[in-house]
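Descriptive structure summary
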Amino acid sequence: MIHAPPKFRDVVHVLADKDRLEKIHDRRHGFRREIPRISLAQSHMFVVRVDFNEDPEVASHRIRDVLGVSLETQREWRSRRVAFNGWRTALEHSGVLVFQSSSIDVDQMRAYSLAMDPCPVIVLNRKDGSYAARTFSLMHELAHLALREGGVCDIWRNPAEGPEEDPVEVFCNHLAGAVLIPDSEVTSAAEQLPREPS
């Protein structure tokens, strides 16, 4: 038994058998073989770039601009399914290929990304039943792509170290949250909450 790769957006670190890891590996390399067959117009090249030392709150505004998702547009999305499809469409229009897999259990993989030119790839797990969870995973993987590194892990990493201890994972989580809900919106919503008497 070997440990499942932590950057596959796993729910918990679980032991995986060799066949399961080979299946994930084969699927990932299968996408690499298929992508050269896909031709995208030059205008759809993925241009989002973020530096690891950049403030995620600042970078999130630039990403939203590139994706063309305003707060007004986001407020029009009336369900989590509509929001997920809105974000997914925005990423696809920016040159990211987004796929969904249903052949891998969610405890083995939530999502991963491949930072490849000319068209990076994000693969989400359709078995992750919540649209909200898939939307967050979509943005988390976008953060990896913006850093110009895929969210595909080193299987030799110590599985006792959770993703919360990896600075890149912490950064990607922060950036994903900031893209989905800008800090100004959180602050505005907090100011509208009823105050408790002191």
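Up top is the structure.
Below you will find a few notes about this structure.

Right, let's get into the pairing of strand β5 (residues 121–125). Of all five residues in β5, five are buried, a share of seventy percent or more. Alternating positions in β5 separate into two faces, Val121, Val123 and Asn125 on one and Ile122 and Leu124 on the other, with burial throughout. Two strands pair when backbone bridges link them, and strand β4 (residues 111–114) and β5 are joined in this way by four bridges, in the antiparallel orientation. Along β5, the bridge assignment pairs Ala111 with Leu124. Hairpin connection of β4 to β5: six residues between the antiparallel strands.

Here we come to the sheet that holds β4. The three strands are arranged β3-β5-β4 in an open sheet whose pairing can be described as mixed. Every interior strand has two partners, whereas the edge strands, β3 (97–101) and β4, have only one. When strand polarity is set aside, the average angle formed by the axes of neighbouring strands in this sheet is 15 degrees. With respect to the sheet, helix α4 (residues 80–93) is in contact with β3 and β5, its orientation differing from that of β3 by roughly 135 degrees. Seen against the sheet, helix α5 (residues 131–146) touches β3, β4 and β5 and runs at an angle of roughly 155 degrees to β5.

Rules used throughout
Residues numbered from 1 in each chain as written. Predicted model: local features only at pLDDT ≥ 70, side-chain atom pairs only at ≥ 80, totals over all residues. Heavy atoms only, no water. Buried < 20%, exposed > 50% of the residue type's maximum accessible area, 1.4 Å probe, protein only. Helix = DSSP H or I, 4+ residues; strand = E, 2+ residues; numbered from the N terminus. Pairing = 2+ DSSP bridges. Axes fitted to C-alpha atoms, helices over the stretch in contact; angles between N-to-C directions. Contact = heavy atoms within 4.5 Å.

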